[in-house]
Amino acid sequence: MSETIFSKIIRGEIPCHKVYEDEQVLAFLDIFPLSRGHTLVIPKEAKATMAELSDGAAAGLGRALPRICRAVMSATGASAYNLLQNNGSAAHQAVMHVHVHIIPKYESGEGLGLVWKPGKLDASEGSLLAGKVAAALR
Ligand code: 5GP
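Residues numbered from 1 in each chain as written. Predicted model: local features only at pLDDT ≥ 70, side-chain atom pairs only at ≥ 80, totals over all residues. Heavy atoms only, no water.

Trainee: Help me understand the sheet that holds strand β4 (residues 80-84) in this model?
Mentor: By way of backbone hydrogen bonds, the strands of a sheet pair with one another, either parallel or antiparallel. What the 5 strands build is an open sheet, ordered β1-β2-β3-β5-β4; its pairing is antiparallel. Single-partner strands in this sheet number two, and they are β1 (18-21) and β4. Adjacent strand axes in the sheet meet at a mean angle of 20 degrees when their direction is disregarded. In terms of strand pairing, β1 meets strand β2 (residues 25-29) through 3 bridges, oriented antiparallel. (Pairing = 2+ DSSP bridges. Helix = DSSP H or I, 4+ residues; strand = E, 2+ residues; numbered from the N terminus. Axes fitted to C-alpha atoms, helices over the stretch in contact; angles between N-to-C directions.)

Trainee: Would you mind showing me how to read the pattern of salt bridges here?
Mentor: Where side chains of opposite charge bring their charged atoms close, a pairing between them can arise. Counted under the stated rule, the structure contains 5 salt bridges. Of the charged contacts, one joins E3 and R11 as a salt bridge, the two residues approaching to 2.5 Å between their closest N and O atoms. Residue R11 is classed as partly exposed on the basis of its relative accessible area, which comes to 47%. The partner of E21 in a salt bridge is K18, with the nearest N and O atoms 2.6 Å apart. Take E21: its relative accessible area is 36%, and that puts it in the partly exposed class. Judged by relative accessible area, which is 49%, K18 ranks as partly exposed. (Salt bridge = Lys/Arg side-chain N within 4 Å of Asp/Glu carboxyl O. Buried < 20%, exposed > 50% of the residue type's maximum accessible area, 1.4 Å probe, protein only.)

Here it is as structure tokens:
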């Protein structure tokens, strides 16, 4: 895949406000934060979307995430937060290197705003679709 700004941050060629690093993961403050403490957690494996990540890189990311969430909450004093993970430009992904946003939500409303317009799952369509996804996983 092509080089992104996050590869340069991983290599230390571009500075960041680092909060965590291990062999597989780097976490740093977002340069345009939605709220105080907005943090990006990235695998060092350079893949654009979650679906492309190797099991090893995904495991490293999954292991680090809860710990970093706890640290961000502890440092900011926020009591709620959203995790956001965009995949594809149609889904608002701007940097084509997997990243998870940790976005503290404050009582003032500062944080992630959501427009959530739920539909209703049709039972027969649900059976069909769940079967298709399960088959794709085999
Ligand atoms: P996306 O829309 O791809 O999910 O989010 C990309 C995020 O990366 C944005 O929130 C943006 O502010 C952040 N970002 C982009 N370039 C840089 C950078 O050079 N340094 C840091 N720390 N964050 C960046």
